[in-house]
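Structural description and commentary
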Amino acid sequence: MRKILVSFLLILSLLLPTVVVFADEGESPPEQSIHLNATAAILVEQTTGQVLFGYNEHERRYPASMTKMLTALVVLQHLDPDDIVIVGSEIHNMPSGYASAIHIEGEALTVRVLLKALMIRSGNETGRTLALETVRRVQNNFNISYEDAKGIFSDLMNNLAYELGATNSNFDNPYGLHSSQHFTTAYDLALIARAYMDVPLLAEIAGMHIFEGSGTGGRYVPDAQVRDFSWENHNLTLPELSFGHPHMTGIKTGFTTPAGECLAGAASFGDLSLITIVFDSESPGRWQDTWLLMNYGFFNYSFRYIVNEGDLAENVRIINPRRGETDIFSVYINESYRALISHSDYTNMTRVITYNLLLTPPVRWDASDDDEDEYDDGLTRLQAPIEEGDHIGVIAYYIGDERIFESRLYASSTALERSFDSDMDYFISLFTDNIFTLRGLPYWLAIGGTIIGLVGMGWALSLRRKLKEHDRWHTPRPRLK
């Protein structure tokens, strides 16, 4: 009956892994609910793209001037920042409500300054000028008009958006002119914003409070006008502005009547960089919503090393180890994993360890009586032999039912199987190592006792043989009749 019970527990242990609940260092702040004015919004971490908060993030919305982030990305795929562009007639005949009146026909500007006009001043005709110059370079046709170039540039925008993963969007102009065919989502626009902030020049422009300087950076351009400009950023969440957030680094405002007031935001603190997209939030809602989203991210999330290479996974007990070797065996993790995780998720994280070796569950035992349940070592028991470097199992980390990371477990040392030969080797080694020490005294006594015993046995056998000889010679022989 006892053998049947042990066999059942062995099978059960192979099916039931070990579960451990993480503990955080101190109390974690509770995750807050966010009440926004916006009709759609998203918060993502820039470097990983991990979505930290979303509200209608996959519903289509009109992006207004937030479009210009994608325009700038397309432009820098084909133009150099120091290229000179001459403004042409494309700045005329702008739709009502979209003209910025910051350029004049025939003036010269570098692409770098035009990008500042596009992003800081939110120049709508700037978008036309950059789009036309880009298409002329791509097509190698410097006579093409803006009307003919517009569709080609829109294709460039949509191709890049698709490459970035923004597959639920369509852009049909370079500056956010309202159109039923010009739409995106908070999720898609966050992908574009991440790509935008990954370009150092564009990230620098996004965080500029003001630009003052020459259109050509002081360069002389024959037969062209060169003017000085002074533009102030419309993004009031930049530090030291009226709704300034201390960690804000960009990016772009947007407004049309159908789109409402919008804002693509970026902020960095420590090793955490956040992107926010806010759609259709009445003033001052877009500033307040961006504040709420940024503070939620910085307050509740951080990058943590969930596990480090060389961390101890757990100690296990080796069944019947060789004499002289410890029966406690350490199992280590062989790789590191760093993750962006909320404080509450980290606190409630679990890990599951599964071994691919023969094992038995933790058992109660007592050295004096195997039948007494007086001691519980609480350790998983593995069967030798195990070689150093052997892959002996896996450890997986979970948030709820979602597995976020899995790593192999390796043996850090060797645990050999016990045998008669290993026992003999142990005793011989123990004797030779301690032959001239007090620890060797029991062995000397044992050897001495053995020699005395053998000598005594030999003497007794010899005496017995002599007595038999004596009896045989001194016993009278019977006479024959």
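Residues numbered from 1 in each chain as written. Predicted model: local features only at pLDDT ≥ 70, side-chain atom pairs only at ≥ 80, totals over all residues. Heavy atoms only, no water.

Structural notes on the overall build of the chain
What counts is decided by this rule: Counting from the N terminus, the helices are the DSSP runs of H or I reaching at least four residues and the strands are the DSSP runs of E reaching at least two. Only protein chains enter the accessibility calculation, which uses a 1.4 Å probe; a residue is then buried when its area is under 20% of its type maximum, exposed when over 50%, and partly exposed in between. Here a residue-residue contact requires only that any non-hydrogen atoms of the pair lie within 4.5 Å.
When you go through the chain residue by residue, the secondary structure sums to eleven helices and 21 strands. Within the chain, the fraction of its 481 residues that count as buried is 44%. Of the contacts formed within the chain by residues at least 6 apart in sequence, a portion of 66% connects residues at least 24 apart.

Points about the packing of aromatic side chains
Convention followed: Centres within 6.5 Å are what make two rings of Phe, Tyr or Trp a pair, Trp counting through its six-membered ring; a difference in plane orientation under 30 degrees is then read as stacked, over 60 as edge-to-face, and the rest as tilted. Ring-over charges, as used throughout, are those where CZ of Arg or NZ of Lys falls within 6 Å of the ring centre and within 35 degrees of the ring normal.
Applying the stated criterion to the full structure yields nine aromatic pairs. Judged by centre distance (4.3 Å) and plane angle (5°), the ring pair of Tyr337 and Phe405 falls under stacked. Of the two residues, Tyr337 is situated in strand E16 (residues 337-342) and Phe405 in strand E21 (residues 402-411); the sequence distance between them amounts to 68 residues. When its relative accessible area of 22% is taken as the criterion, Tyr337 is described as partly exposed. For Phe405, a relative accessible area of 10% gives the class buried. Taken together, the aromatic side chains of Phe53, Tyr296 and Tyr301 make up a single cluster linked through ring pairs. Here the basic side chain of Arg304 rests over the ring of Tyr346, its NZ or CZ set 4.2 Å away from the ring centre.

A short note on the environment of Val199
By the secondary structure assignment, Val199 is in the loop between helix H6 (186-197) and helix H7 (200-206). For Val199, a relative accessible area of 25% translates into the label partly exposed. With 126 residues separating them along the chain, Val199 and Leu73 place their C-alpha atoms 8.4 Å apart. Apart from the residues within four sequence positions on either side, Val199 is in contact with Leu73 and Leu76.

Brief notes about helix H4 (residues 124-139)
Rules: Expected helix span is given by 1.5 Å per residue-to-residue step, counting one fewer step than there are residues.
In a regular helix each residue adds 1.5 Å, so 16 residues correspond to 22 Å; H4 covers 23 Å between its end C-alpha atoms and thus fits that length. Across the 16 residues of H4, 13 count as buried, placing the element largely inside the fold. Where H4 terminates, the next one or two residues include Asn140, which has phi positive at roughly 55°.

Brief notes about the pairing of E21
Quick note on the threshold: Any two strands with at least two DSSP-identified bridges between them are counted as paired.
Strand direction decides the pairing type here: strand E15 (residues 328-333) and E21, joined by three bridges, are antiparallel. Each residue of the ladder has a partner; that of Ile333, found in E21, is Leu409. Hairpin connection of strand E20 (residues 391-399) to E21: two residues between the antiparallel strands, including Gly400 at a positive phi of 65°.

Some thoughts on unusual backbone geometry
Cis peptide bonds are those with omega within 30 degrees of zero, and the linkage from Gly250 to Ile251 qualifies with 15°. Take Ile251: it is sitting in strand E10 (residues 248-256). Geometrically, the link from Ser283 to Pro284 is a cis peptide bond, its omega value of 0° lying close to zero. As for its position among the elements, Pro284 is in the loop between strand E12 (272-279) and helix H8 (285-300). Located in the positive-phi region is Ala64, a residue other than glycine, with phi close to 50°. One can find Ala64 in the loop between strand E4 (60-61) and helix H2 (68-78). Non-glycine residue Asp280 carries a positive phi angle of around 50°. One can find Asp280 in the loop between E12 and H8. Residue classification places Asp280 among the partly exposed residues on the basis of a relative accessible area of 29%.

Focus: the side chain of Glu57
What counts is decided by this rule: Think of it this way: Lys and Arg go in the positive column, Asp and Glu in the negative one, and His and the chain ends go nowhere. Here a salt bridge means any side-chain nitrogen of Lys or Arg lying within 4 Å of a carboxyl oxygen belonging to Asp or Glu.
Mapping Glu57 onto the fold places it in the loop between strand E3 (51-55) and E4. Here Glu57 occupies a buried position and makes no salt bridge, while the nearest side chain of opposite charge, Arg61, is found at 9.6 Å. Not counting residues within four places of it along the chain, the set of residues in contact with Glu57 comprises Ala41, Ile42, Thr185, Ala186 and Tyr187.

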